Amino acid sequence: MQEPRKTRAKDWNTVEADDLRPAGNGKDCFYCGVPLGSLHHEGCVIRRCAGQYLVAIRKNDTGEIRIYRHDIAWDDTSMYQWTDGNYGCDCNRRLFWYRAAGDEAEEVICGETAFSVLYAELPDGTRIEIDESPERRGEKP
Ligand SMILES: [Zn+2]
Ligand SMILES: [Zn+2]
């Protein structure tokens, strides 16, 4: 039996050796046919199912929205994390908001009003509301 793929921490947009697959031609992405080292086609399954998703985070005092890339695949627990879990708190949201611009946040301030998470966007383009979701409002979904 074939071993499961290792999850990779880095870039899912660039064709890596692993993407050539044993059944491929040894030079190009097995799925989209783009050469090793180049960028996968936008619709390539490697990109679409990549272990990442985007989150739109707004700093509420200035209104500035930044798009943060979270390098973990969206799963059944993700909504909970962003609503009632750790990422529902301003301290983590602040961290991610700064990180989205390549900075590190200097302060750790807990709260629920400084940052809003508008939506998560999955690699296939699906958007999932976070702060306006019933889960976040404390209603039953
Ligand atoms: Zn590809
Ligand atoms: Zn906190």
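Our subject in this report is the structure included herewith. Keep in mind that what you see is a predicted model, and the values were worked out from it rather than measured.

A look at the sheet that holds strand 2 (residues 64–70)
So, point 1. If you walk across this open sheet you meet the four strands as 2-1-3-4, and the pairing is antiparallel. With one partner strand each, in any of the chains shown, strand 2 and strand 4 (127–129) form the two edges of the open sheet. Averaged over neighbouring strand pairs, the angle between their axes works out to 30° when direction is ignored.
So, point 2. Where strand 3 (residues 115–121) meets strand 4, three bridges bridge the pair, whose relative direction is antiparallel. When the bridges of strand 4 are listed, Glu121 appears paired with Arg127.

Some words on the pairing of strand 3
So, point 1. Pairing analysis gives six bridges linking strand 1 (residues 53–59) to strand 3, with the strands arranged antiparallel. By the bridge assignment, Arg58 is partnered in strand 3 with Ser116.
So, point 2. Where strand 3 hands over to strand 4, the hairpin turn is made up of five residues, of which Gly125 adopts a positive phi near 95°.

A closer look at unusual backbone geometry
A negative phi holds for most residues other than glycine; trans holds for most peptide bonds.
So, point 1. Even without a glycine there, the phi angle at Arg21 is positive, about 60°.
So, point 2. Since 12 C-beta atoms lie within 10 Å of it, Arg21 is described here as exposed.

Points about the environment of Glu106
So, point 1. Checked against the element boundaries, Glu106 lands in the loop between helix 3 (90–99) and strand 3.
So, point 2. C-alpha of Glu106 to C-alpha of Leu95: the two residues are 11 residues apart in sequence and 8.6 Å apart in space.

Reading guide: rules and limits
- All residue numbers here refer to positions counted from 1 along the written sequence of the relevant chain.
- Whichever chain is written first is A, and whichever ligand is written first is 1; the rest continue in order.
- Local features in this predicted model are restricted to residues of pLDDT 70 or higher, and side-chain atom pairs are both shown and tallied only at a pLDDT of 80 or more, whereas totals for entire chains, interfaces and linings draw on every residue.
- At least two DSSP bridges between two strands are needed for those strands to be called paired.
- Counting from the N terminus, the helices are DSSP H or I runs at least four residues long and the strands are E runs at least two residues long.
- For helices, the fitted axis covers only the stretch in contact; all axes are lines through C-alpha atoms, and the angles between them, taken along N-to-C directions, range from 0 to 180 degrees.
- To sort residues by exposure, count the other C-beta atoms lying within 10 Å of each residue's C-beta; 20 or more gives buried, 12 or fewer gives exposed, and values between give partly exposed, all with C-beta atoms placed from the backbone.

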